[in-house]
Every structure is written in C-alpha cells, then in structure tokens.
2 protein chains.
Amino acid sequence: MTVKENINQWIDENRQAHLAFLQKLVQLASTQGNEKEVQENVARFLKDLDLEVDVWNLDGERLKKHPYFYSNRETFESSPNVVGVLKGTGGGKSIILNGHVDVVPEGDHEQWDKGPYSGEIVDGKMYGRGVTDMKGGNTSLMIALNAIKSLGIRLKGDVIFQSVVEEESGGAGTLDAILKGYKADAAIIPEPTNMKIFPKQQGSKWFRLIVTGRTAHGGTRYHGVSAIDKSFIVTQHVMELEKIRNDRITDPLYDKIPIPVPINIGSINGGDWPSSVPDIVELEGRIGIAPNETMEEVQAEMEQWLEKLAEKDGWFKDHPVEVEWFGARWVPGEIETTHPLMSSLIDNFKGVVGEDPVIEAAPWGTDGGLLSQVGGTPSVVFGPGITSLAHFPNEAIEVEKIFEAAKIIAATIVDWCEIE
Amino acid sequence: MTVKENINQWIDENRQAHLAFLQKLVQLASTQGNEKEVQENVARFLKDLDLEVDVWNLDGERLKKHPYFYSNRETFESSPNVVGVLKGTGGGKSIILNGHVDVVPEGDHEQWDKGPYSGEIVDGKMYGRGVTDMKGGNTSLMIALNAIKSLGIRLKGDVIFQSVVEEESGGAGTLDAILKGYKADAAIIPEPTNMKIFPKQQGSKWFRLIVTGRTAHGGTRYHGVSAIDKSFIVTQHVMELEKIRNDRITDPLYDKIPIPVPINIGSINGGDWPSSVPDIVELEGRIGIAPNETMEEVQAEMEQWLEKLAEKDGWFKDHPVEVEWFGARWVPGEIETTHPLMSSLIDNFKGVVGEDPVIEAAPWGTDGGLLSQVGGTPSVVFGPGITSLAHFPNEAIEVEKIFEAAKIIAATIVDWCEIE
C-alpha cells in the first residue's frame, strides 16, 4: 500500500473515536468568551500526539497596535488560542492548518429540532451549533494529524495546526497568532466550502455614510432639503461604483458569480419626526474587496468616488457626504490557482473522491485574508459542510465529508511537506 | 367718537396693565401638564369682567370615544380648560375666540439670550416661551373683551372665549370644549399669523409605511431584495401622489405656495447589520390635507395609491406596503373668503392699520380645523406674532401688534355680534 492508501485505511478504521471527539467539541458550547474548555480539549488532543503545544490568551496590547485589529473586546481571558507544531526534520516546506473554535450564538432554541449543543447524529448528519462552522473542518485537520503521527510518517516541513478564537468577531485570534510569529509557506483553512476549493476570497470593510440635508417643517417642506432624498442619490452613486469595480474583474473564477465584490447598504436611519424634513441620514454598509486589492486602496477609491457627488448635485459641494470606516473588516486573500498547494489539493481530491473538484472564488471572507496579507502565508479554503447551514438553526454536517476532507488534507500535507 | 374709536382709545390707555398681565402669563411656564396656574389667572381675569366662567379638567373618557382624539396622555389633571361666556342680549350671531395656553418646552436655556420665562421687554419686544405661540394672541382677545365690557358695550350675540390646553399635542383641549357643547356661528383664533388673515388651513395626518425586502448576506446581496432599494421606489411613488393631489388645488389663495399640501417623509429606519441585505424599512411621514378634504378621504386615497405600486414593480404584488395611521393628526379647516366675518375682519384691519391685509392659506394647522370640521364653527386664523420664532429659542413678540390685533378683533366682534 502507498502512504496515502495507509492514511485512508487508518482514517476509516478510526472513525468512531473522532466522531466522539467532534461531538465533545460541539457539546462544549464555545460562543465568544466561552472557548476555554473546548481549547483545553484541543490542546490535550495535540499533546497526546506529542506536538509542541502553545496555549496563550490573546495579547490585547499587541493587537490594538495593528491597523487590522477589530474586536468588540479588549481583554481575552478565557479565550485562549492553541497552536500545535509538528516539527519537520528540515528542508521541507511548512504549512499552517487553521480553524476557529468560536461559534455564533445558537439563537432561539425553539427553532432547533435537536438541542443546539447536542452533537446528535441522525441519518449520517451531526447536528449542533458550530458543527459546520467549523468544528467539523477542525476535526478533519486533527484526524489528518493523528493519521500522520500514528502511522509514523516523518515529514521534512513543519505542520502548524492553529485552533483560534474570534474568527466570527473580526479575526483577532488569527491576527495574534501571526503577530506572535506563526507563519508558513502556505495554509489550508477548512471552512465549510461544501468540498469546493476556494483559492480566492473577497474581503470586506464596513462604512458609514453621513448624508446631510436641511430641516424644515413638513407643511412647508419646500423650504428644506430632505436628507432622505439625498441619501437615495448617494445610494445610486455608490451602486455605480459597485458596477465600475466589478466590471474590472475578469478572473474566470468569478464567471458564475453575478457580482464578485458587492457593495451592500445594510441599514439606513435618519430623521426623527414625521412632520419635519430630515436633516441627517446615516447609511451603513459593506464594500467587497477583491482578492488582489488591499483595504487601503478600496477605501481611497470609495472616498474619491464620493467626492464626485458634487458634480451630480450641487448640494454635495457644500454638504459633502462624510465617510467613516468603522467596525469589522475582513481582509481579502488569494493563492495562485497554479500554486503547487492547489495542484496537490486538486490531485488528492480526485484521488479520494474520484472526480474533479469545483474551484470557485469564495463569496465571503475567512481568516485566510489575514494569513495572506498580514502573515504572508498564501491560503486556500477547503472543507466539509455547507455554508447555508452555518449561523442558522439546525446547523448540521454530513459526517462522511469530514473523513473525506481529512484524507484529502492529509495527502496534501504529505505532498507539500514531503516525506523524509 | 364712534364705538370703535372709543375701543381704540380705551386700549391705548390701558396698555401697561395688559402688558403686565401677559408678562405674568409668560412667567407661568405652562408646558404640557403645567397649565393649571396660568389657567387660574385667566379664569380670574374673566371673572373680574363678570363673564360666566367654566373651568374643567378634560374628560378622558369622553375624548377617547372620538375618532379625532389624539394625545400622549389619558388623564388631564392639572390641565384644565377655561371658558368665559359674555352672554349677548339675544338675536345676534355668536362667536368663539379660541387660544391655547400650552407652550412647547423651552429647550436648552443656553440658547436663550433672555430667560425663557422672563417676559422681559427689550426694544418693544417681549421675550419668552409661548409669548408668540400664543399668549400674545390670547392677550389680544382678553384686551378686546375687557374693552367691550369696560366701555359698557352690550352685544346681541354671545362671545365665547376659550382658553384651551393641549393644542401643541393634538388638540384635545379644543376637542373637549366642542364635545362639552361649545359651538358658535364663527370663530377667530389669534395664532401668530404675523397679522395676515388665514381663512384656510391645511390639515395633516401621520403615516407609517412598512416596506419589506428579503434578507441575504451582503457578500451575496444578489440573493436578497433590499428593502432600502424598495423604499426608494415607495418614496418616489408617494411623491407622485403629492403632485397629483396638489395639481388639483386651483384656489388662488395657494398661488404663491409652491406645494399647498405637501407630503413629507420625515424619517426612515431599516436594516440592522452593514453586511446584511435589509428586509424591512419603515418610513414615517405626514400627508397634508386640503382645507376642503376630510382625513378619511385622504387616507383612502393614499391607501389606494399604494396598491398601484404592484403595477410598477412586481415585488409589491406579493409584498404590499403596509400603511399604519398613527400618532398625531391636524384637522384641516376653512371659512369662505366671502364669509361676513372675513369681510368684517378685512375692513377693521384697514381701519386700524390703514392698509389692506394679506390674505393667505395657512401652511400649518390649528385647532380651527376641529372647530370647523367637528364643531361646525367656521374659523379664521389671525393674530400677532411671527411663526418663525415659535418653538425656537428667543421667541419674542412685537408688543405693538398685540394691541393692533386687539383693536381689530374687538371691532370685528362688535360688527359680528352687533350692538343691542
């Protein structure tokens, strides 16, 4: 048997223990601020495999200095990161395997058919908050590590497994791992791509537009200038920018995606009295950032575009729209489709699944953007589970896919890091 | 000397006492819920004139049954209405003189050059919250009554002086006076028209429009339907209704008014997350009601118009805009421009001021709408003071105009009620 056949056989023979482990991870409800216990379980798993294990609470002071830091918290007690390093014998390429353990809140329990933290398996699917996003993918990574170690496979390059927090809230977990020095030649992130391979991912940035009018009594509204009317003009103007930005994207990976990097106006709030002309409206939204763009470029483009409003409507000359860049941001990322990690992943997918993988651009962001743009670690996103179930009641994952992904990833690690 | 000359002379000779009385009214800060003391002063003034005085707390139970009742309170202790009746000798036409004593809050004291309840007089202007809106006008009425009584003028028709509460908060004071039975052949309301005569006044009604979309993630916004985008279509549609409604108005009184009965969208609120497609937006606004319309007609017209949205955009077929009629309403009102009270007022204006009065349609509503449409008492609005100062810091009135208005109104009462 080849090494890869050995790996596949070992994974098939050790399903139950890994399913039980995943079930345990799901049952340890790890919403923001409550990740400690699940991380202790992950660390124990890695120690049992004899990896070099690093457990630390994120460093708020270090993070705050970084321009891409975003979080709704500044202290991170009870929310440790865990990294386990399988040191290579030397001379090989290193790889980061990155997954997050924080899960979004389960919401209304009434809407769940199973308990939201039950980890119950019915008809080949495990149910629970976070099982798809992304404890299932994390388990695939740990199965792959377990297989490699248990089979005594000695790799030349380092494998750096990262179990991070805060992905759902701005990426501070991965950012702090990078700032602590964890980098590699490439990375795999098993977010729920439904087994598709995503070499590119859009980033995004939140903005707030403040549109000014002039108030007046509603009964003589013609003496005022409605900030609501002006906000419609601003919205149309912003949608023209969306078109210009997307027309530029010729990457065939985006051929099937109607709008590769959408601009979305998510909220509008203005005026406080039915009988008054509103003098201020705030629009909040997100602008998609193409994989090859930086956030700074996109911010500058949008700010310059908004200045052009004065050419369309003289009002904006004296009352320019204010832009605030606030809240969350997701850094975009890309790996060349011809990158050797991609080739290996595609080959191993064919080997395990027996057909060609679907290769697409991700419509959403992951911590892969930080790994790529801050950590200099090109990242590919590939994992089991379906996004459309993430964040919703009755989140579930087809367990078979967890093992398929584990086999594909283990084989790719072996190719990438090389056997001694 | 004629009777009117006597009145004018008497008013000129008794300026100081009346200014002191107005000053006292201003100093008794009568914001909503705090009108009792000012009303006691008014009642004492009327009793001293030997009028039949009626002081009562509004009847919440009686009011609540009326479709036009609107208030943010249901009990009215400490907020009495005061009516003083100067009984005629019989055979003459009766008149209501209506003014409100409630004032809007004074706001930030820092923005006032004088104390907001000082009643200080500087350069011929008295300063204070409510001095223009409308204790100055009320004082004109009381000066007129005092002149008539003091000069021993005996009228055939009844003069019904109403000092009401709640005008600033929905008109419950005047409505309760009507429901208690106070009606007359005509009415004068000395709101601050800057000495213009307003025979017609627009009414208005508040509405809330609920616009529905379908949510999606902002990164794939093309899977959703933005309720913000749909709300722009709704707003444009509503503005078309404004045009249709105003094109119908051919009354020359509106010739100089750009939009006789505006529709104003006063607030917009929707969406709760920058990265989500918003699925609900609420618009709140007011629709102007022409003097000859009823609120019910206008509500029906707007509801039918909104149903037409489905013809413009199929989305609204399955997702019709919901309309809620909430909060405040101001009943419109009109008196024929050829009405004998109008002719008398115009003549007496010329007699006192020496020039023709400006006759216009009011851009705002008063309690005259309730008097007209509920009380069957055609009402004209005419008084001293400038609207643009009402509700703002440094509210003030030119005291000379108070006496001019008193002379014009006293002469008009004499004409209308006739001397025995």
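All of these numbers come straight from a predicted model, not from anything done at the bench. (Residues numbered from 1 in each chain as written. Chains lettered and ligands numbered in written order. Predicted model: local features only at pLDDT ≥ 70, side-chain atom pairs only at ≥ 80, totals over all residues. Heavy atoms only, no water.)

Engineer: Account for the overall build of chain A, with residues named and values stated.
Structural biologist: Within chain A, the regular secondary structure consists of 13 helices and 16 strands. Compactness check: chain A gives a C-alpha radius of gyration of 24 Å against a globular reference of 22 Å for 420 residues, within 12% of the reference. Seen through its principal axes, chain A has C-alpha atoms that stretch 85 × 45 × 40 Å. Expressed as a percentage of its 420 residues, the buried residues of chain A come to 60%. A fraction of 83% describes how many contacts in chain A between residues 6 or more apart in sequence connect residues 24 or more apart. Summed over its atoms, the accessible surface of chain A is roughly 16,100 Å², and 46% of this surface lies on carbon and sulfur atoms. Across chain A, 40 positive and 64 negative side-chain charges occur, with their mean positions spaced 2 Å apart. (Helix = DSSP H or I, 4+ residues; strand = E, 2+ residues; numbered from the N terminus. Rg over C-alpha atoms; globule rule 2.2 N^0.38 Å. Buried < 20%, exposed > 50% of the residue type's maximum accessible area, 1.4 Å probe, protein only. Contact = heavy atoms within 4.5 Å. Areas by Shrake-Rupley, 256 points an atom, 1.4 Å probe, with all protein chains shown as cover. Lys, Arg positive; Asp, Glu negative; His and termini not counted. Charge placed at Lys NZ, Arg CZ, Asp CG, Glu CD.)

Engineer: Can you lay out the side chain of Arg286(A) for me, pointing to particular residues and giving the numbers?
Structural biologist: All names here are of chain A. Assignment of secondary structure puts Arg286 in strand β11 (residues 280–289). Salt bridges are absent for the buried Arg286, whose nearest opposite-charge side chain, Glu242, sits at 7.1 Å. Separated by 3.1 Å, the side chains of Arg286 and Gln202 make a polar contact. (Salt bridge = Lys/Arg side-chain N within 4 Å of Asp/Glu carboxyl O. Polar contact = N/O pair within 3.5 Å; in protein donor to acceptor, adjacent residues only side chain to side chain.)

Engineer: Let's hear about the sheet that holds strand β4 (residues 121–122) of chain A: which residues, and what values?
Structural biologist: Reading across the sheet, the three strands line up as β4-β5-β16 (chain A) and stay open at both edges, with antiparallel pairing between neighbours. Taken across any chain shown, the strands that pair with only one partner, and hence form the sheet edges, are β4 and β16 (396–398) of chain A. (Pairing = 2+ DSSP bridges.)

Engineer: Let's hear about the relation of the copies chain B and chain A: which residues, and what values?
Structural biologist: Superposing chain B onto chain A takes a rotation of 180° plus a shift of 0.1 Å along the axis, which leaves an RMSD of 0.1 Å. Both copies are brought into coincidence by an operation consistent with a two-fold rotation axis. Closest approach to the rotation axis within chain B is made by the C-alpha atom of Asn269(B), at a distance of 2.2 Å. Most of the interface of chain B is mirrored in chain A, where 100% of its interface residues again form contacts. (Least-squares fit on C-alpha atoms with pLDDT ≥ 70 in both.)

Engineer: An account of the pairing of strand β11 (residues 280–289) of chain B is needed here, citing residue identities and associated values.
Structural biologist: Residue and element names in this part refer to chain B. Of all the 10 residues making up β11, eight are buried; the element is thus mostly covered by neighbouring parts of the structure. Both strand β10 (residues 263–270) and β11 contribute to a ladder of seven bridges, which runs antiparallel. Bridge pairing links Gly270 to Val281 in β11.

Engineer: So, the nonpolar core: which residues are in play, and what are the values?
Structural biologist: Proteins that are soluble and globular tend to have nonpolar side chains buried together. Counting 226 residues, the largest nonpolar core has Leu97(A), Val234(A), Leu97(B) and Val234(B) as the members making the most contacts within it. Beyond its immediate chain neighbours, meaning those up to four positions away, Leu97(B) contacts Leu141(B), Leu145(B), Val159(B), Ile160(B), Phe161(B), Gln162(B), Ile188(B), Ile409(B) and Ile413(B). (Core = buried A, V, L, I, M, F, W, Y, C linked by side-chain atoms within 4.5 Å.)

Engineer: With reference to specific residues and values, describe the interface of chain B and chain A.
Structural biologist: On the side of chain A, 41 residues touch chain B, which itself brings 41 residues to the contact. Interface of chain B and chain A: buried area, both sides summed, is about 3,100 Å²; carbon and sulfur atoms make up 63% of it. Its largest share of buried area at the contact with chain A, chain B owes to Arg221(B), Tyr222(B) and Pro274(B), together 21% of the area lost on that side. Counting across the chain B and chain A interface gives two salt bridges. The interface formed by chain B and chain A holds 14 residue pairs in polar contact (both at pLDDT 80 or more) in total. (Buried area = accessible area lost by both parts, 1.4 Å probe.)

Engineer: Break down the domain arrangement of chain A for me, citing the residues and quoting the values.
Structural biologist: How big an interface is tends to be stated in terms of the accessible area lost upon association of its parts. Residues and elements named next belong to chain A. As far as domains go, chain A holds domain 1 (3–201 + 332–417) and domain 2 (203–330). Computed from C-alpha coordinates alone, the two centres of domain 1 and domain 2 are separated by 36 Å. Facing 17 residues of domain 1, the contacting portion of domain 2 comprises 17 residues. The interface formed by domain 1 and domain 2 holds one salt bridge in total. In this structure, Lys200 and Asp251 form a salt bridge, with 2.8 Å as the shortest nitrogen-oxygen distance. At the level of elements, β8 (197–201), β13 (333–334), β14 (359–362) and α12 (368–373) are the ones that each hand at least two residues to the side of domain 1 that touches domain 2. Classifying every residue of the side of domain 1 that touches domain 2 gives eight nonpolar, five polar and four charged. (Domains from an automatic or database assignment. Nonpolar A, V, L, I, M, F, W, Y, C, P; charged D, E, K, R; others polar.)

Engineer: Lay out the pairing of strand β2 (residues 80–86) of chain A in plain terms, naming residues and giving numbers.
Structural biologist: All names here are of chain A. Most of β2 sits out of view: seven of its seven residues are buried. Burial of β2 is two-sided: the residues Pro80, Val82, Gly84 and Leu86 facing one way and the residues Asn81, Val83 and Val85 facing the other way are all buried. One ladder, built from six bridges, connects strand β1 (residues 52–57) with β2; its direction is antiparallel. Looking across to β2, one finds that Val55 is bridged to Val82. Where β2 and strand β6 (residues 159–164) come together, five bridges link them in antiparallel fashion. Opposite Val83, over in β6, you have Gln162 as the bridge partner.

Engineer: Describe the side chain of Lys200(B), with residues and values.
Structural biologist: Residue and element names in this part refer to chain B. Along the chain, Lys200 turns up in strand β8 (residues 197–201). Residue Lys200 is classed as buried on the basis of its relative accessible area, which comes to 13%. Of note is the side chain of Lys200, whose polar atom sits 2.8 Å from the side chain of Asp251. Sequence-distant contacts of Lys200, defined by excluding residues within four places in its chain, comprise Asp251, Leu253, Tyr254, Pro291, Gly333, Glu334, Ile335, Glu360, Ala361 and Ala362.

Engineer: So what about the packing of helix α2 (residues 15–27) of chain A against helix α5 (residues 131–150) of chain A? Which residues, and what values?
Structural biologist: Residues and elements named next belong to chain A. Between α2 and α5, the shortest axis-to-axis distance is 10 Å and the interhelical angle comes to 140°. By crossing handedness, the relation of α2 to α5 is classed as right-handed. Only Val131, Lys135, Gly136, Thr139, Met142, Ile143 and Asn146 of α5 make contact with α2, whose side of the interface consists of His18, Phe21, Leu22, Leu25 and Val26. Residues of the contact of α2 with α5, tallied by class, amount to seven nonpolar, four polar and one charged. (Axes fitted to C-alpha atoms, helices over the stretch in contact; angles between N-to-C directions. Left-handed = near helix turned anticlockwise from the far one by under 90°.)

Engineer: Describe the sheet that holds strand β10 (residues 263–270) of chain A, naming the residues involved and giving the relevant values.
Structural biologist: The eight strands are arranged β12(A)-β9(A)-β11(A)-β10(A)-β10(B)-β11(B)-β9(B)-β12(B) in an open sheet whose pairing can be described as antiparallel. Only two strands of the sheet have a single neighbouring strand rather than two, namely β12 (322–330) of chain A together with β12 (322–330) of chain B. Going from strand to strand, the sheet's axes swing by 25° on average, the running direction of each strand aside. As judged from the six bridges shared by strand β9 (residues 203–212) of chain B and β12(B), these two strands associate in the antiparallel manner. Looking at the pairing, Ile210(B) lines up with Glu322(B) of β12(B). Packed on one face of the sheet, helix α7 (residues 227–247) of chain A meets β9 (203–212), β10 and β11 of chain A together with β10 of chain B and runs near 10° to β11(A).

Engineer: How would you sum up the packing of α5(A) against helix α13 (residues 399–417) of chain A? Please name residues and give values.
Structural biologist: All names here are of chain A. At a closest axis distance of 8 Å, the pairing of α5 and α13 adopts a crossing angle of 50°. Between α5 and α13, the angle is such that the two are oblique. The way α5 lies across α13 gives a crossing that is right-handed. Between α5 and α13, the contacting residues are Gly136, Thr139, Ser140, Leu141, Ile143, Ala144 and Ile148 on the first element and Ile402, Phe403, Ala405, Ala406, Ile409, Ala410, Ile413 and Val414 on the second. Tallied by class, residues from the contact of α5 with α13 come to 12 nonpolar, three polar and no charged. (Parallel < 35°, antiparallel > 145°, perpendicular 65-115°, else oblique.)

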